[in-house]
Amino acid sequence: MKIREIIGALESVAPLSLQDSYDNAGLQLGLAEDVEASGALLCLDVTEDVIDEAISVGCNLIISHHPLLFRPLKCITGADYVQRCIIKAIKHDIAIYSAHTNLDCARGGVNFKIAEVLGLQYVEWLNPKQGVDAGEGIIGELPVEVTAHQFCERIKEKFHVESVRCNYSDKQTIKRVAVCGGAGAFLIPNAIEKGADVFLTGEIGFHRFFGHDDEILLLEIGHYESEQYTVPLLHKIISQHAPDLRIYETEQRTNPISYL
């Protein structure tokens, strides 16, 4: 299967037109989209170790969630990891494609995957985009109401975290759940407006925790942790369109944050 066909399959689910204005999703590196894909390596972030892994397993395509090229570069000298990744990928004829906020905003995308992991029902957009079936964040309901403590324990289990950051919420029970993978604090007002008992996201930030204790339970679990199911989501999308393609999920830890 050609690289351009794999890209087409991804964009049939998550068109680039859905990405936010600040984003840089799409083909990051690769001059020959008509080249046959020898395999695809999937990751959240592109690092030098990920590129080495692609070389070792014989993949000429890396598909990431976060774009490698996000901020403008004035030179490519190998001065930082982004520049070194570019140099190494070009030397080894590896194409790099990123599905970022377009996959976040797509039906069946990142936030729908989180909803699936949590077993949410009656899922709808938290902040719909105008004129298209797409949006930022989702909201749904648990099959059975649980206590706030039970919900936090479920989050720790499902997302493999030892603790969560939360506000001093008055919420005692949880039924209606709002979700946004990554940095979703901007959607807190939407979650409150739609009657969510809890808002789960990767990053909230200190000051945004203030002022909502009597309105909603806020849970912050880490950016990487909130989006960890994006890799298997990418795997599912690609394998449905290219069942014979060799697809690998990276074995590299690309979370730049450690907990001691």
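Structure report, in brief. Quick caveat: nothing in here was measured; it's all calculated off a predicted structure.

1. Quick look at helix α3 (residues 81-91)
Now for step 1: Of all the positions in α3, only Val82, Gln83, Cys85, Ile86 and Ala89 are classed as buried. Burial along α3 is one-sided: seen end-on, the buried residues are contained in an arc of 160 degrees.
Now for step 2: Tucked into the core, α3 has its buried residues touching β1 (26-29), α2 (48-57) and β4 (95-98).
Now for step 3: For α3, the N-terminal capping position is held by Asp80, with its side-chain oxygen 3.2 Å away from the main-chain nitrogen of Val82.
Now for step 4: Remark: Asp93 follows α3 within two positions and exhibits a positive phi of approximately 55 degrees.

2. Section: the side chain of Arg176
Now for step 1: Following the sequence through the fold, Arg176 ends up in strand β8 (residues 173-183).
Now for step 2: At 2.9 Å, the side chain of Arg176 forms a polar contact with the backbone oxygen of Lys194.
Now for step 3: If we ignore the near neighbours within four places in the chain, the residues touching Arg176 are Glu124, Ile139, Gly140, Glu141, Lys194, Gly195, Ala196, Asp197 and Val198.

3. What about α2?
Now for step 1: Buried within α2 are the following residues: Val50, Ile51, Glu53 and Ala54. Viewed end-on, α2 has its buried residues packed into an arc of 155 degrees, placing them on one side of the element.
Now for step 2: At the C-terminal side of α2, Gly58 shows a positive phi close to 75 degrees.

4. Description of the pairing of strand β6 (residues 135-147)
Now for step 1: Sheet topology note: the strand β5 (residues 121-128)/β6 ladder contains 5 bridges and is antiparallel. Within β6, the residue paired with Trp125 across the bridge is Ile138.
Now for step 2: The antiparallel pairing of β5 with β6 creates a hairpin that spans 6 residues between the two strands, and Gly131 there sits at a positive phi of about 85 degrees.

5. Here we look at the packing of helix α1 (residues 3-13) against helix α9 (residues 230-241)
Now for step 1: The N-to-C vectors of α1 and α9 enclose an angle of 120 degrees; their axes lie 9 Å apart at closest approach. As the angle between them shows, α1 and α9 are arranged oblique. Crossing hand, α1 versus α9: right-handed. Here Ile6, Ala9, Leu10, Ser12 and Val13 of α1 lie close against α9, whose contacting residues are Leu234, Ile237, Ile238 and His241.

6. Some details on the environment of Arg71
Now for step 1: Along the chain, Arg71 falls in the loop between β3 (61-64) and α3.
Now for step 2: What makes Arg71 exposed here is its relative accessible area of 64%.
Now for step 3: Sequence separation of Arg71 and Asp23 is 48 residues, and the distance between their C-alpha atoms is 9.3 Å.

7. Some points on the state of the cysteines
Now for step 1: The full count for this structure, using the stated rule, is 0 disulfides.
Now for step 2: No disulfide involves Cys59; its nearest neighbouring cysteine sulfur is the one of Cys43, lying 11 Å away.
Now for step 3: Counting only cysteine sulfurs, Cys105 is the nearest neighbor of Cys180, a cysteine outside any disulfide, at a range of 8.1 Å.

Rules used in this analysis
Residues numbered from 1 in each chain as written. Predicted model: local features only at pLDDT ≥ 70, side-chain atom pairs only at ≥ 80, totals over all residues. Heavy atoms only, no water. Buried < 20%, exposed > 50% of the residue type's maximum accessible area, 1.4 Å probe, protein only. Helix = DSSP H or I, 4+ residues; strand = E, 2+ residues; numbered from the N terminus. Arc of directions from axis to C-beta. Contact = heavy atoms within 4.5 Å. Polar contact = N/O pair within 3.5 Å; in protein donor to acceptor, adjacent residues only side chain to side chain. Pairing = 2+ DSSP bridges. Axes fitted to C-alpha atoms, helices over the stretch in contact; angles between N-to-C directions. Parallel < 35°, antiparallel > 145°, perpendicular 65-115°, else oblique. Left-handed = near helix turned anticlockwise from the far one by under 90°. Disulfide = S-S within 2.5 Å.

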